[in-house]
Structures are given as C-alpha cells and as structure tokens.
Amino acid sequence: MVTARQGSWLRLIYIVLVSALGGFLFGYDSGVISGCEKAIQWEYSLTGFQHGFTVSVALIGTVLGAFTMGRPSDKYGRKAILLLMAILYLVSAVGCAFATNWLMLVIMRGIGGVAIGGSSVIVPIYIVEIVPGKYRGRLVMTNQLNIVLGILVSYIANFYIDRGIDQYPALLDGCRSFAELFTSSAMAVDSLKWRLMLGVETFPALLFFVLLFTIPESPRWLVRAGKREEAIRIFQETGDVSAEETVHEVEQTLHSMSQKVNVRLFQKKYFMPIFLAWAISMFNQLAGINAINYYAPRIFENFMGTSSALAATIGVGTVNMIFTIVAFCLIDSFGRRGLLMVGAIGTTVMHFITAWQIGQGEAANPTLIIGAILGFIAFFGMSQGACMWVFVSEIFPNVVRAKGQALASFTHWFMCTLISWSFPVIAGVSGSWAFWFFGSMTLLQFFFVWQLMPETKGGTIEQIEKRWETPSSNEAA
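Quantities reported herein were computed from a predicted structural model and do not represent experimental measurements.

**A look at the overall build of the protein**
- Scanning the protein from terminus to terminus reveals 24 helices and 0 strands.
- Counting every position in the protein, which comprises 477 residues, the buried fraction comes to 59%.
- In the structure as shown, the protein presents an accessible area of about 18,900 Å², 68% of it carried by carbon and sulfur atoms.

Right, dumping it as structure tokens:
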C-alpha cells in the first residue's frame, strides 16, 4: 500500500522526469549531428564554410532561444514555454527528415536549436522551482542525466541506423518506399541514413508534448502570478509539508506586486550571481566538451577505421552517462564546489596528455590518446557537466531567475558556437594546440572555483537568495 508521503514523492519524480524529457531532446538533437555531418556535406556538395555553418546553425538557434525565452516564461508561465519547445522539437525533427534542399535543412536545424536553447533555460528553472531543497541538486541534475542519455541514444541510433541499412536490404527498401511518398526521386543510401538519424527525434518530441499536459505549472511562478492557493496545492501535492510557509517565504522574496512583473537583472546587488553564472557557463564550453561531442567520429577516425569511429562514440556517450550518474549520487552530499574542483584537475590532466601525444605525430600512442579523451569525458561528466545547470538555477533570486538563467544559457551557447565553428580550423593547423588551450582553460577554472565560487547545496532557494544580501562565507544559508 502506497502512503500519502510515498504518493507525493512518486508524483514529484514523475513531474521531474516528464519535464526533463526536454533535456533528453536537448541531448539527442545536440549529439545526432555527429553521425550526419559527413553525409550532409557530401549530398549537398558543401564548401568548408557551408559545412561548418550546417553543424553550427543549431547552436546559433540555441543562442536565440536562450536569449528570448526567459521573459515569455515570466509572463506566460514555465509550462507554456515547455509546450512551445516541444512543438519546435517536433517541427525540426520532421522538417530535417524531409528537407528538400540545404536551405530547408539549415532552417529546420535552426528551429531545433531554438528549442535546445529554450529548454536549457526553462527546464532547470521549472525543476528548481518545484522540488524541495534537500533533494534539489539531485533532482535538478535529472535534467543533465537526460541530456547525457539523449546524447548516448543519438550515438547508438546513428550506429545502428548506419549498420542496419547496410546489412538489411528489406529495411533499406522500406525506408526508400516511405521516403518516396514525399519525394519523386529515389534517395541514395547515405541520404536515407542521415534523414532517419534526424527523424527519429520525432517520437520523443511527440511524447514530451503529450506528457506535458499531465504536469502542473511551477508553484513559484504561480505565486508571482497571484495564484497563491493553487501554488499551495501543488507544493502539497509534491510533498512539501510546510507549503503555506514556503509560499509565504516566496512572497517575501518577491517584495511588492510592482516587482513581480519586470525586474531588471543588471543591478549592482545582482553582480555576484551574474558574474558566477557567466563564468561557470563560459568555462563549461572552454573545456572543449562540444568540440569532442560534435566531431567525435572525425577525431576517432584518425586512430581507427572509419567503420569503428561511430562505435567509438558510443563509448564516449557511455562513459559520460556513467560518470554523470556518479555525480548524481554525490552532488547533494559532496557539494557543487568539491565536484567542480576535482573535475577541473582531472580534465586538465587529460587534455594535457592528449595535446602531448598528438604533438608526437606518427610516434603518438593512439590508445593513450583515446584513453585520455575518455578520461576527460569521465571527469567532465562528474563535474562541469553535472553541476553547471544546477548551480546556475540556484543562485538567482526568484524575481530575476528566468533572466539570469537566460544570460547563463546565452553565454554557454554563444561560447559553444565559437568553439564548435573554430575547432576544425584550429585542429586543421595543429590538433595539439586545441587541447593545450582546453587544458589551460580547465586549469583556470580550478582557481575560479577555489577562490570565488560559493557552495549552494541544501536549504531553499529563498535562503540562498538571502546570501547575496548579507554575504559572509562560502557556505549557502
């Protein structure tokens, strides 16, 4: 027999898992392009600039989505914007699968990018505004687990679609027959492969859209909207034993009705959370994670056969998943700062080993390089990958949380765009330079975390907010 408390806990877990499907789609959409980019380049005879733009256009969309979704979520609610993101994911997946030309593909990838950017802002906000403080880090990290799972699933889908179409003529014929319903010309095998890889996202996008109708609005947003009783009901539904006290605490941090609608983010009193969010978001990408995610098959092709490169990317995704789970188990006990400091040291060492070995040219040890890349993924997964979205969603006050999250997400995706677009150019001149740079940045991040970053585990987000009013230590209230 399920008790009322267990029922509330199960309801909370369900709500978190449904909202975190936005993270799964974020991960799948980000990772799937690694298996498609060569075939797309070949099919449309793309120049180097066009090829780079095709890979990066989704990132340009993420910048737009991250920059624009914060204010609408304050006005219309977190759930409404999540529904919009689900629709954009669905349109992008279908549009990419049936793109009739390169321009249409680019537009559809850009729409998917807007959905990624919006999800990276709204999903962590929604989760942090609904879960109790004791489990906040772990449950907000469910979004990151879903991002990593989405990346892993995209690698697995890429591998099996590539192998399946080659090995099973019936599958090839079936795909061709379906594709010919929408086009008058027969598609080449490679074209069918990348369209299937991108089109598979349709199914989780549709599931996300449907399930969003079964979860409530953020209770903290409802307080801002003046819907106090509904907010109390949702807090009670999700296991908050002092729901009225929580709502009262939220109301206190909102100050007055005039501040509920539009409060400027860029004020002196918010300088520290703004700086911390900007810095951790920037370091997250300067570590080089998406240079590896997006170009993993090409990197591995240098050390193994082309047919094995897609399989090797599954190893990258698996390692990332395993060590993200490790962080999931540790983040609320070990803390955000501890994980980030350990991870910064580990990623620095792994990058320096990779850079040193690549610099050896033909004398390089492929096993050592691949091991160091997987080691970097492990340390990143348990630190920066796990902690960034949790930390950023915690440090901003209620009245500017969406705007602060949007700023952090904008910084993250802007840097991601720069890194992913410039990495092939820099690596083409000297692969070791890129990894020396990434290692230097993670070393710099260690000193940033050690000297400047506060701990935010435990307590309510309103208690963390009070810290900025009377800062006295590196411990959250």
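**Re the side chain of Ser-19**
- Secondary-structure assignment places Ser-19 in helix H1 (residues 4-19).
- Given a relative accessible area of 0%, Ser-19 falls into the buried group.
- For Ser-19, the side chain forms a polar contact with the main-chain oxygen of Val-16, separated by 2.9 Å.
- Residues within four places of Ser-19 in sequence aside, it is in contact with Val-123, Tyr-126, Ile-127, Phe-208 and Ile-215.

**Brief notes about the nonpolar core**
- Membership of the largest hydrophobic core comes to 121 residues, with the highest contact counts inside it found for Leu-212, Ile-280, Phe-376, Phe-396 and Trp-413.
- The residues contacting Ile-280, other than those within four sequence positions of it, are Leu-340, Met-388, Phe-391, Val-392, Phe-448 and Met-453.
- By size, the runner-up hydrophobic cluster in this structure holds 17 residues, among which are Ala-39, Cys-96, Trp-194 and Met-197.

**Looking at the packing of aromatic side chains**
- Per the stated rule, a full pass over the model turns up 16 aromatic pairs.
- Three or more aromatic residues joined by ring pairs form one cluster here, namely Phe-271, Phe-275, Trp-278, Phe-283 and Phe-448.

**Structural notes on helix H6 (residues 78-97)**
- The terminal C-alpha atoms of H6, which comprises 20 residues, lie 29 Å apart, in line with the 28 Å expected from a rise of 1.5 Å per residue.
- Counted residue by residue, H6 has 14 buried out of 20 residues, so it is predominantly covered.

**Observations concerning empty space enclosed by the protein**
- The tally for this structure, following the rule as stated, stands at 2 cavities of 30 Å³ or more.
- If you add up the space inside the largest cavity, you get close to 200 Å³.
- If you trace the largest cavity, you find 18 residues lining it, with Gln-144, Ile-147, Ile-151, Asn-290 and Asn-293 closest to the centre.
- Where the lining of the largest cavity is concerned, the elements lending two or more residues are helix H2 (21-32), helix H8 (136-167), helix H16 (271-286), helix H17 (289-301), helix H21 (384-395) and helix H22 (401-429).
- No other element matches the 4 residues that H8 contributes to the lining of the largest cavity.
- Its residues placed into classes, the lining of the largest cavity shows 8 nonpolar, 10 polar and no charged.

**Re unusual backbone geometry**
- In the Ramachandran plot, Ser-45 falls in the positive-phi region, its phi being about 50° despite a non-glycine side chain.
- Following the sequence through the fold, Ser-45 ends up in the loop between helix H3 (37-43) and helix H4 (48-68).
- Ser-45 gets classed as exposed once you look at its relative accessible area, which sits at 60%.

**Re the confidence of the model for the protein**
- Across the protein, the average pLDDT comes to 81, with 80% of residues at or above 70.
- Mean pLDDT across the elements of the protein ranges from a minimum in helix H15 (residues 257-261), with 47, to a maximum in helix H11 (residues 202-211), with 95.
- Across residues 256-260, where pLDDT falls below 50, the model places 5 contacts with residues more than four positions away in sequence or in other chains.
- pLDDT under 50 marks residues 471-477. Its contacts with residues more than four places away, or in other chains, come to 16 contacts.

**Section: the pattern of salt bridges**
- This structure, assessed with the given rule, holds 8 salt bridges.
- Ionic pairing is found between Glu-237 and Arg-11, a salt bridge with its closest N-O pair at 2.6 Å. Of this pair, Glu-237 sits in helix H13 (residues 228-237) while Arg-11 is found in helix H1, placing the two residues 226 residues apart along the sequence.
- Residue Arg-11 is classed as partly exposed on the basis of its relative accessible area of 24%.
- Note that Arg-336 and Glu-394 form a salt bridge whose closest N and O atoms lie 2.4 Å from each other. A residue pair is termed long-range when its members are at least 10 positions apart, and Arg-336 in helix H19 (residues 336-358) and Glu-394 in helix H21 qualify at 58 residues.
- According to the relative accessible area criterion, Arg-336 is buried, its value standing at 0%.
- Judged by relative accessible area, which is 0%, Glu-394 ranks as buried.
- Bridged by salt links that share partners, the residues Asp-74, Arg-78, Glu-129 and Arg-224 form one connected network.

**Description of the side chain of Ser-409**
- In this fold, Ser-409 is placed in helix H22.
- The exposure class assigned to Ser-409 is buried, which follows from its relative accessible area of 0%.
- Each residue touching Ser-409, except ones within four places of it in the same chain, is listed here: Ala-66, Gly-117, Ser-120, Val-121 and Trp-389.

**Some points on the environment of Ile-373**
- Of note, Ile-373 is situated in helix H20 (residues 366-381).
- The exposure class of Ile-373 is buried, given its relative accessible area of 2%.
- For the pair Ile-373 and Thr-354, spaced 19 residues apart in sequence, the C-alpha to C-alpha distance is 7.0 Å.

**Brief notes about the environment of Val-210**
- Relative to the helices and strands, Val-210 resides in helix H11.
- Residue classification places Val-210 among the partly exposed positions, given a relative accessible area of 47%.
- Along the sequence, Val-210 and Val-18 sit 192 residues apart, while their C-alpha atoms lie 9.8 Å from each other.

**A closer look at the environment of Phe-391**
- By secondary structure assignment, the location of Phe-391 is in helix H21.
- Judged by its relative accessible area of 0%, Phe-391 falls in the buried class.
- Distance from Phe-391 to Met-453, taken between C-alpha atoms, is 9.9 Å for residues 62 residues apart in sequence.
- Contact partners of Phe-391, with chain neighbours within four places excluded, come to Leu-276, Ile-280, Met-453, Pro-454 and Thr-456.

What counts and what doesn't
Residues numbered from 1 in each chain as written. Predicted model: local features only at pLDDT ≥ 70, side-chain atom pairs only at ≥ 80, totals over all residues. Heavy atoms only, no water. Helix = DSSP H or I, 4+ residues; strand = E, 2+ residues; numbered from the N terminus. Buried < 20%, exposed > 50% of the residue type's maximum accessible area, 1.4 Å probe, protein only. Areas by Shrake-Rupley, 256 points an atom, 1.4 Å probe, with all protein chains shown as cover. Polar contact = N/O pair within 3.5 Å; in protein donor to acceptor, adjacent residues only side chain to side chain. Contact = heavy atoms within 4.5 Å. Core = buried A, V, L, I, M, F, W, Y, C linked by side-chain atoms within 4.5 Å. Phe/Tyr/Trp six-rings, centres within 6.5 Å; stacked < 30°, edge-to-face > 60°. Expected span 1.5 Å × (residues − 1). 1 Å grid on protein atoms, 1.4 Å probe; cavity = no way out; pocket = protein on both sides within 12 Å on 5 of 7 lines; lining within 4 Å. Points joined across faces, edges and corners; volume = space filled by probe spheres on them. Nonpolar A, V, L, I, M, F, W, Y, C, P; charged D, E, K, R; others polar. pLDDT = per-residue confidence, 0-100. Salt bridge = Lys/Arg side-chain N within 4 Å of Asp/Glu carboxyl O.

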